[in-house]
Amino acid sequence: MHRASAVELKDQIEAERSGTPFVVLRDGDDRQRIVLLSGDRATVGRAGEAELALEWDSEVSRGHAELVEIGGAWTVSDDGLSRNGSYVNGERVSGRRRLRDGDVLRFGATSAVFRAPTEARAVSETQLAEGVPDATLTATQKTVLVALCRPFREGSAYATPATNQQIAGEVFSAWTP
């Protein structure tokens, strides 16, 4: 997915500028394909009528999976329709799984990247805020906030915030010489 030509990168940037979530992949002839997710659902399968048709991949079932927008968030759903399964970032999907910008999807032998331009923009705006001076937070408050947010920054599918004991340990170690 990282070997895009200049023309292919230009096409990806244009898709990002549209603000519409999309999937980018390479087809059986090794050509880049960008599939805009313009509705609230898209089927994935080997059948030609699928919105994300992967006709070249014999490991993909005719009706393999479904991409569904629920409450503004895109999910991939594989309810056992596929014989080879669907994967997000190497983990097999059972039921429904929320997608995040940059997630790598695999259906059969075909890999694709899910892109959510508005989500990516929100992340970059958050990163810009990292340069704002810490005048409004004390050192202890910042330590607590970082401890609470760390699991979410690591992108875990099931992030669990730090416990009170873990936070207390970090605050205490920050104050110990």
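All of these numbers come straight from a predicted model, not from anything done at the bench.

Caption draft 1: Layout of the packing of aromatic side chains. Enumeration according to the criterion identifies 0 aromatic pairs in this entry. The ring of Tyr-87 has Arg-106 sitting right over it, with the charged end atom 4.1 Å from the ring centre.

Caption draft 2: Summary view of the pattern of salt bridges. Evaluation of the coordinates by the stated rule reveals 10 salt bridges. Where Glu-16 meets Arg-115, a salt bridge forms, and the shortest distance between an N and an O atom there is 2.7 Å. Within this pair, whereas Glu-16 is found in helix α1 (residues 6–18), its partner Arg-115 is found in strand β11 (residues 110–115), the two being separated by 99 residues in sequence. According to the relative accessible area criterion, Glu-16 is partly exposed, its value standing at 25%.

Caption draft 3: Highlighting the sheet that holds strand β9 (residues 95–98). If you trace the 5 strands from one edge of the open sheet to the other, you get β4-β3-β5-β6-β9, paired in mixed fashion. Looking along the sheet, the strands with just one partner apiece sit at the ends: β4 (52–53) and β9. Pairing of strand β5 (residues 65–70) with strand β6 (residues 73–78) involves 5 bridges; the strand directions are antiparallel. Bridge assignment links Val-68 to a residue of β6, and that residue is Thr-75.

Caption draft 4: Local environment of the sheet that holds strand β8 (residues 91–92). With antiparallel pairing, the 6 strands of this open sheet are ordered in space as β2-β1-β11-β10-β7-β8. Lying at the two open borders of the sheet, with one neighbouring strand each, are β2 (32–36) and β8. When strand β1 (residues 22–26) meets β2, the two strands line up antiparallel, connected through 5 bridges. Across the sheet, Arg-26 pairs through a bridge with Gln-32, a residue of β2.

Caption draft 5: Highlighting the nonpolar core. Ranked by size, the top nonpolar core spans 21 residues in total, and within it Leu-52, Leu-67, Val-76 and Phe-107 carry the most contacts. Contributions of two or more residues to this core are made by β1, β3 (41–45), β5, β6, β10 (104–107) and β11. Once you skip the residues sitting within four places of it in the chain, Phe-107 turns out to touch Val-44, Leu-52, Leu-54, Asp-57, Val-60, His-64, Ala-65, Val-76, Gly-85 and Ser-86.

Caption draft 6: Expanded view of the environment of Pro-21. As for its placement among the helices and strands, Pro-21 is situated in the loop between α1 and β1. Pro-21 gets classed as buried once you look at its relative accessible area, which sits at 17%. Setting aside anything within four residues of it in sequence, one finds Pro-21 in contact with Val-35, Leu-36, Leu-37, Trp-74, Phe-114, Arg-115, Ala-116 and Pro-117.

Parameters and conventions
- Residues numbered from 1 in each chain as written.
- Predicted model: local features only at pLDDT ≥ 70, side-chain atom pairs only at ≥ 80, totals over all residues.
- Heavy atoms only, no water.
- Phe/Tyr/Trp six-rings, centres within 6.5 Å; stacked < 30°, edge-to-face > 60°.
- Lys NZ or Arg CZ within 6 Å of the ring centre and 35° of its normal.
- Salt bridge = Lys/Arg side-chain N within 4 Å of Asp/Glu carboxyl O.
- Helix = DSSP H or I, 4+ residues; strand = E, 2+ residues; numbered from the N terminus.
- Buried < 20%, exposed > 50% of the residue type's maximum accessible area, 1.4 Å probe, protein only.
- Pairing = 2+ DSSP bridges.
- Core = buried A, V, L, I, M, F, W, Y, C linked by side-chain atoms within 4.5 Å.
- Contact = heavy atoms within 4.5 Å.

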